[in-house]
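Architecture at a glance
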Amino acid sequence: MASNDNGEEEPVKEQSEGKMAIHMNIAAHQLLSKLLRPKSPEHDWESLADLMRFSYEEILNLRCDLDPVESIIRQWERQSDATVDKLLSFLKEIERFDVIEDLQPFISETPTPSLYEERRKKKVSENYSQSPAVGKLPIELEQLTVSDEIFDGFICYAKEDRSFALEILTRLEAPPYCRKICIDFRDYVPGNCRLDQTAKIIEHRCKHLVAILSPNFTNSSNAGFQVRIALNLSPGESNLQR
């Protein structure tokens, strides 16, 4: 407790946690894309990318991206100092006060890091308890960290459709897409629990999940588990169309 000039005790205000940009929901990301994508010299996504320290060559390459705004935001927000306040400061610098104003409702809904972590652990635990192969949450999953290797997508498929999944993988990694894709039989570390790796990779290392829907998919418990992880751990899960 602190004392005021009259000697009366006043409650000490709790220090507020800085909200992280990566915890904003999908609707907020879609809004950023919608408002920043139109060409506007010194006020569009290219100016934002420059402030985020993307190189000139990277910005040129991103011009060919289907959604360059989403790409730069998703890459930048994985940095440890990518706070909502920092994003707002960038938007102020490029004089996009309209974007700042429209983002306010989404910022209010964004959880603090501690609240997000609490929800994340609860949902991961629920997913593991629902899986027939696992009865409880492994201890090491409580200490998940973001890997340096980031994938553009994770291919989710039933084992019967492996050949088609490989075809999709080949297409996405070849020109003109040149995407970095994760698929279990190639990118998982041998010997480690596959369910552990699935949860970690989908949450921390993949921007998107590519689900190969087929009659086999609906009967695959493994594919179902992967989809539940992606839906439940998404920052904008309430805005996803299921």
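Here the structure is a predicted model, which means the values were calculated and not measured. (Residues numbered from 1 in each chain as written. Predicted model: local features only at pLDDT ≥ 70, side-chain atom pairs only at ≥ 80, totals over all residues. Heavy atoms only, no water.)

Counting buried residues along helix H4 (residues 68-76), 8 of its 9 residues qualify, which places the element largely inside the surrounding structure. Looking at the buried residues of H4, the elements they touch are helix H1 (26-36), helix H2 (45-51), helix H3 (56-62) and helix H5 (84-93). (Buried < 20%, exposed > 50% of the residue type's maximum accessible area, 1.4 Å probe, protein only. Helix = DSSP H or I, 4+ residues; strand = E, 2+ residues; numbered from the N terminus. Contact = heavy atoms within 4.5 Å.)

Attention shifts here to unusual backbone geometry. In this model, glutamate 42 sits at a positive phi of 70 degrees, which is unusual for a non-glycine residue. Among the secondary structure elements, glutamate 42 is positioned in the loop between H1 and H2. Exposure remark for glutamate 42: the relative accessible area of 63% places this residue in the exposed category. Even without a glycine there, the phi angle at arginine 53 is positive, about 70 degrees. Note on placement: arginine 53 falls in the loop between H2 and H3.

Moving on to the nonpolar core. In this structure, Leu32, Leu36, Met52, Ile72, Leu91 and Leu103 are the most contacted members of the largest nonpolar core, which totals 29 residues. Elements supplying a minimum of two residues to this core: H1, H2, H3, H4, H5 and helix H6 (97-109). In this structure leucine 103 touches Ala28, Leu31, Leu32, Leu88 and Leu91, once residues within four positions along its chain are discounted. (Core = buried A, V, L, I, M, F, W, Y, C linked by side-chain atoms within 4.5 Å.)

A few words now on the confidence of the model for the protein. A residue-level look at the protein finds 75% of positions with pLDDT of 70 or above and a mean pLDDT of 77. Scored below 50 in pLDDT, residues 1-5 shows 11 contacts in the model against residues more than four places distant or in partner chains. Across residues 235-242, confidence stays below pLDDT 50; counting only partners more than four residues off in sequence or on other chains, it has 17 contacts. (pLDDT = per-residue confidence, 0-100.)

Time to look at the packing of aromatic side chains. Summed over the entire model, instances satisfying the criterion amount to 1 aromatic pair. With a centroid separation of 5.7 Å and 65 degrees between ring planes, the pair formed by tryptophan 76 and phenylalanine 90 is classed as edge-to-face. With tryptophan 76 in helix H4 and phenylalanine 90 in helix H5, this pair connects stretches of sequence that are 14 residues apart. Like phenylalanine 90, tryptophan 76 is buried. (Phe/Tyr/Trp six-rings, centres within 6.5 Å; stacked < 30°, edge-to-face > 60°.)

Further remarks concern the environment of lysine 180. One can find lysine 180 in the loop between helix H8 (162-173) and strand E4 (181-182). Take lysine 180: its relative accessible area is 38%, and that puts it in the partly exposed class. For the pair lysine 180 and phenylalanine 151, spaced 29 residues apart in the sequence, the C-alpha separation amounts to 5.1 Å.

Burial along strand E3 (residues 153-156) is two-sided: the residues Gly153 and Ile155 and Phe154 and Cys156 are all buried. For E3 and E4, the ladder comprises 2 bridges, and the chain directions are parallel. Paired with glycine 153 across the bridge in E4 is isoleucine 181. Each parallel crossover has a hand, and for E3 linked through H8 to E4 it is right-handed. Here 3 bridges tie E3 to strand E5 (residues 209-211), and the two strands are oriented parallel to one another. Pairing of phenylalanine 154 across the sheet is with leucine 209, part of E5. (Pairing = 2+ DSSP bridges. Right-handed = clockwise from strand over helix to strand, strands pointing away.)

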